[in-house]
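The primary structure of each chain is shown beneath.
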Amino acid sequence: MAPMNTRTAQVVDVILSTHARGYRNAENISHLLFPRVTVPNRSMRQLKFGKESFRMLNTRRAPGADKKRVQYGFASDPVGLVQDALEGVVPIEHQEEAMSVPGIDLAAGAINMVLDVVDLNLEYDCAQMARNAANYAASNKVTLTTTARWTQSASTPRTDIKAAKEVIRRMTGRYPNTLVLGPNGANALLEHQSIKDQFKYTSADSITLEMLARALQLKRVVVGEKVYLPETAADTAAATDVWGDDAILAYVPDGANYQVPSYGYTYELAGYPQVNKPYFEERNDSWIYPAKVERKPYIVGADAGFLFTNAGQP
């Protein structure tokens, strides 16, 4: 690895920006509820979805009469993208040591570290939005209490989820395909006797998330494992689960087309994440790698989601 100089720094921002746009921390799961979609400019409006996709229309037409038109979604409030910016630091001493070890890319490592931090903020924002009961109609949420919590043996999680699936189908014309759980909720379902009973004659293996998804007739069941520690918290403080003890059932399409009905999307400005030209800071003999993102998640089809509050609470 050749020493960084001003000339090579001028092209590193292009290479690292490309790297940044493809980087994903495998521990983050918010993109499964709020897929990242590219928007061309900051003046975009949210595309929200109503009942148009399954409303029965009279499409009969008399000769010479105008044809009816239909459009999925409607332009709502402006997309208020927010910018997160952070700089990664690579001390020149580390760079010099890495030069003797082939394959070490400290620049990419610095950008990955920066993106991990800003993506944790996105994970938190998505979880807070998805877990906010105020974002759901009364028909699309339930607070599980006492023996109804999935951690309790007397609970009926399969029945609860089946009923919620029907609510979403009646409201949107589509069955949900994704269940997001906090760690406690996931452990509760994987160890629940009603789930185990479904596999006791077919498999001696421990129940996996894939098996759980099949049992619940869902495309995917995912666990939000991320934790966070507030910036001002002491190092000795215990971290908090980002996804808490709640569970979110939702319909989310595959692909990156924000014009398709969905529970949610994360709008991300075209060309971002962006890594600016690195610069050398003499006061600490370090190369600085500035990176920034412009994006914001939105629930664009609340009827396509169902919130179980306290599902994993003991």
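Everything numeric here is computed off the predicted structure, so don't read it as measured data.

Turning next to the sheet that holds strand β10 (residues 247-250). Strand order in the open sheet made by the 5 strands is β5-β15-β10-β6-β7, with mixed pairing throughout. Single-partner strands in this sheet number two, and they are β5 (141-143) and β7 (220-223). Going across the sheet, the axis of each strand differs from the next one's by a mean of 10 degrees, ignoring polarity. Here 4 bridges tie strand β6 (residues 178-181) to β7, and the two strands are oriented parallel to one another. Looking across to β7, one finds that L179 is bridged to V221. The strands touched by helix α4 (residues 157-172) within the sheet are β6, β10 and β15 (305-309), with β15 carrying the most contacts at an inclination of about 150 degrees.

Trans peptide bonds make up the majority, and among non-glycine residues the majority have a negative phi. In this structure, P273 follows Y272 across a cis peptide bond, with omega equal to 0 degrees. Structurally, the position occupied by P273 is in the loop between β11 (264-269) and β12 (274-275). Despite not being glycine, Q217 has its phi angle at roughly 55 degrees, a positive value. Looking at where Q217 falls in the secondary structure, it is placed in the loop between α7 (209-215) and β7. Notably, D285 is not glycine yet its phi reads approximately 45 degrees, a positive angle. Relative to the helices and strands, D285 resides in the loop between β13 (279-281) and β14 (286-299). On the basis of relative accessible area, D285 is assigned to the partly exposed category, the value being 35%.

Taken as a class, soluble globular proteins show a tendency for nonpolar side chains to be buried jointly. Within the largest apolar cluster, 28 residues are counted, with the highest numbers of intra-cluster contacts made by W150, I161, L179, L181, L249 and F308. Contributing elements (two or more residues each) for this core: α4, β6, α5 (183-190), α6 (193-199), α7, β7, β10 and β15. Other than its neighbours up to four places away in sequence, L181 contacts W150, A186, L189, V221, V222, V223, G224, D246 and A247. One finds Y136, V180, V242 and Y263 within the second-largest nonpolar core, a separate group that totals 21 residues.

When the terminal C-alpha atoms of α4 are compared, their 22 Å separation across 16 residues agrees well with the 22 Å that a helix rising 1.5 Å per residue should span. Residues of α4 that are buried: P157, D160, I161, A164, K165, V167, I168 and T172. Within α4, the buried residues cover an arc of 160 degrees as seen down the axis, which keeps them to one side. Exposed side of α4, more than 90 degrees from the buried face: T159, K162 and R170 are the residues found there. Residues of α4 that are buried sit in contact with β6, α5, α6, β10 and β15. Residue G173 follows α4 closely and has a positive phi angle near 80 degrees.

Further remarks concern the pattern of salt bridges. Overall, the coordinates contain 10 salt bridges when judged by the stated rule. In this structure, R220 and D254 form a salt bridge, with 3.0 Å as the shortest nitrogen-oxygen distance. One end of the pair, R220, is in strand β7; the other, D254, is in the loop between β10 and β11, with 34 residues separating them in the sequence. Its relative accessible area of 17% is what places R220 among the buried residues. With relative accessibility at 52%, the residue D254 sits in the exposed group. Three or more residues joined by partner-sharing salt bridges are found here, namely R36, D119, E268 and R295.

A word on the confidence of the model for the chain. Looking at the chain as a whole, the pLDDT averages 83, with 79% of positions reaching at least 70. Within the model, pLDDT remains below 50 along residues 1-12, and this stretch shows 19 contacts once partners closer than five positions in the same chain are excluded.

Its place among the elements puts N140 in the loop between α3 (106-130) and β5. Sequence separation between N140 and M171 is 31 residues; the distance between their C-alpha atoms is 9.3 Å. Among all residues touching N140, those that are not within four sequence positions of it are V167, I168, M171, A302, D303, G305, F306 and L307.

Here is what the cut-offs are and how they apply
- Residues numbered from 1 in each chain as written.
- Predicted model: local features only at pLDDT ≥ 70, side-chain atom pairs only at ≥ 80, totals over all residues.
- Heavy atoms only, no water.
- Pairing = 2+ DSSP bridges.
- Helix = DSSP H or I, 4+ residues; strand = E, 2+ residues; numbered from the N terminus.
- Axes fitted to C-alpha atoms, helices over the stretch in contact; angles between N-to-C directions.
- Contact = heavy atoms within 4.5 Å.
- Buried < 20%, exposed > 50% of the residue type's maximum accessible area, 1.4 Å probe, protein only.
- Core = buried A, V, L, I, M, F, W, Y, C linked by side-chain atoms within 4.5 Å.
- Expected span 1.5 Å × (residues − 1).
- Arc of directions from axis to C-beta.
- Salt bridge = Lys/Arg side-chain N within 4 Å of Asp/Glu carboxyl O.
- pLDDT = per-residue confidence, 0-100.

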